[in-house]
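# Inside the fold
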Amino acid sequence: QVQVVESGGGLVQPGGSLRLSCSASGSIFVINNMGWYRQAPGKQREMVAVISALGSPNYATSVKGRFTVSRDNAKNSTYLQMDSLKPEDTAVYYCHADIYEMTGGTIRLISSWGQGTQVFVSS
């Protein structure tokens, strides 16, 4: 089975920075899109940043210019560098990966989510 695990959350003051990491493991053939989503209390989950297999990023308007998404295909990992953090960035951040799992001669696409990591931005 495949698994996605993220880490790096914590408490930071407004204007500060955090770097989130996400690593996929298991019987991975290839990973297509990887990305970051967040959910704040009382709000729906929203896309924050997505990066393609070849490194093309897309960002939510609210984080453009402040966040940077990257990936390391050799490590099956993606990273979210968050700078100039604002209180409204407070949320649980989830990593997502479209993973093509290979077991024997079978390949299947698995939409995989991490467990989430909490980010608090507060004075």
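Conventions we followed
- Residues numbered from 1 in each chain as written.
- Predicted model: local features only at pLDDT ≥ 70, side-chain atom pairs only at ≥ 80, totals over all residues.
- Heavy atoms only, no water.
- Helix = DSSP H or I, 4+ residues; strand = E, 2+ residues; numbered from the N terminus.
- Rg over C-alpha atoms; globule rule 2.2 N^0.38 Å.
- Buried < 20%, exposed > 50% of the residue type's maximum accessible area, 1.4 Å probe, protein only.
- Areas by Shrake-Rupley, 256 points an atom, 1.4 Å probe, with all protein chains shown as cover.
- Phe/Tyr/Trp six-rings, centres within 6.5 Å; stacked < 30°, edge-to-face > 60°.
- Lys NZ or Arg CZ within 6 Å of the ring centre and 35° of its normal.
- Disulfide = S-S within 2.5 Å.
- Patch = residues over 30% accessible without salt bridge, like charges linked within 9 Å, V, L, I, M, F, W, Y side chains within 5 Å.
- Salt bridge = Lys/Arg side-chain N within 4 Å of Asp/Glu carboxyl O.

### Topic: the overall build of the protein chain
- Scanning the protein chain for helices and strands turns up zero helices and eleven strands.
- Overall, the protein chain shows an N-to-C arrangement of helices and strands of β-β-β-β-β-β-β-β-β-β-β.
- Its C-alpha radius of gyration of 15 Å places the protein chain within 12% of the 14 Å reference for a compact globule of 123 residues.
- Along the first, second and third principal axes, the C-alpha set of the protein chain runs to 55 × 25 × 20 Å.
- Split into buried and exposed, the 123 residues of the protein chain put 41% on the buried side.
- When the accessible surface of the protein chain is totalled, it reaches about 6500 Å², and 49% of it is carbon and sulfur.

### Quick notes on unusual backbone geometry
- Positive phi, close to 50 degrees, is recorded for Asn76, a residue that is not glycine.
- Along the chain, Asn76 turns up in the loop between β7 (67–72) and β8 (77–82).
- Positive phi, close to 50 degrees, is recorded for Ser84, a residue that is not glycine.
- Inspection of the secondary structure assignment puts Ser84 in the loop between β8 and β9 (91–103).
- Among the residues examined, Ser84 registers a relative accessible area of 42% and is labelled partly exposed.

### Let's talk about the packing of aromatic side chains
- For the coordinates displayed, the defined rule picks out one aromatic pair.
- Ring geometry for Tyr37 versus Trp113: centroids 5.0 Å apart, planes at 65 degrees, classification edge-to-face. You can see Tyr37 sitting in strand β4 (residues 28–39) and its partner Trp113 sitting in strand β10 (residues 106–113), a full 76 residues away along the chain.
- The lysine or arginine in question, Arg19, covers the ring of Tyr79, its NZ or CZ lying 4.3 Å from the ring centre.
- One cation-aromatic arrangement involves Arg45 over Tyr94; the distance from NZ or CZ to the ring centre is 3.9 Å.

### Side note on the environment of Gly9
- Take Gly9: it is sitting in the loop between β1 (3–7) and β2 (10–12).
- Residue classification places Gly9 among the partly exposed residues on the basis of a relative accessible area of 33%.
- Each C-alpha atom, one on Gly9 and one on Val121, is 10 Å from the other, the two residues being 112 residues apart in sequence.

### Focus on the environment of Thr106
- Looking at where Thr106 falls in the secondary structure, it is placed in strand β10.
- Residues Thr106 and Val48, spaced 58 residues apart in sequence, show a C-alpha to C-alpha distance of 32 Å.

### Let's talk about the state of the cysteines
- Applying the stated criterion to the full structure yields one disulfide.
- Two residues share a disulfide in this structure: Cys22 and Cys95, whose sulfurs sit 2.0 Å from each other. Residues Cys22 and Cys95 share a disulfide whose torsion about the S-S bond is about -75 degrees; that sign makes it left-handed. With Cys22 in strand β3 (residues 18–25) and Cys95 in strand β9, this pair connects stretches of sequence that are 73 residues apart. Each member of the pair, Cys22 as well as Cys95, carries the same accessibility label: buried.

### Considering a nonpolar patch on the surface
- Together, Phe29, Val30, Tyr100, Met102, Ile107 and Leu109 line one region of the surface with nonpolar side chains, adding up to about 530 Å² of accessible area.
- Listed by contribution, the elements that provide at least two residues to the nonpolar patch are β4, β9 and β10.
- Mapped onto the secondary structure, Val30 falls in strand β4.

Everything listed here is a matter of geometry and, on its own, says nothing about what the molecule does.
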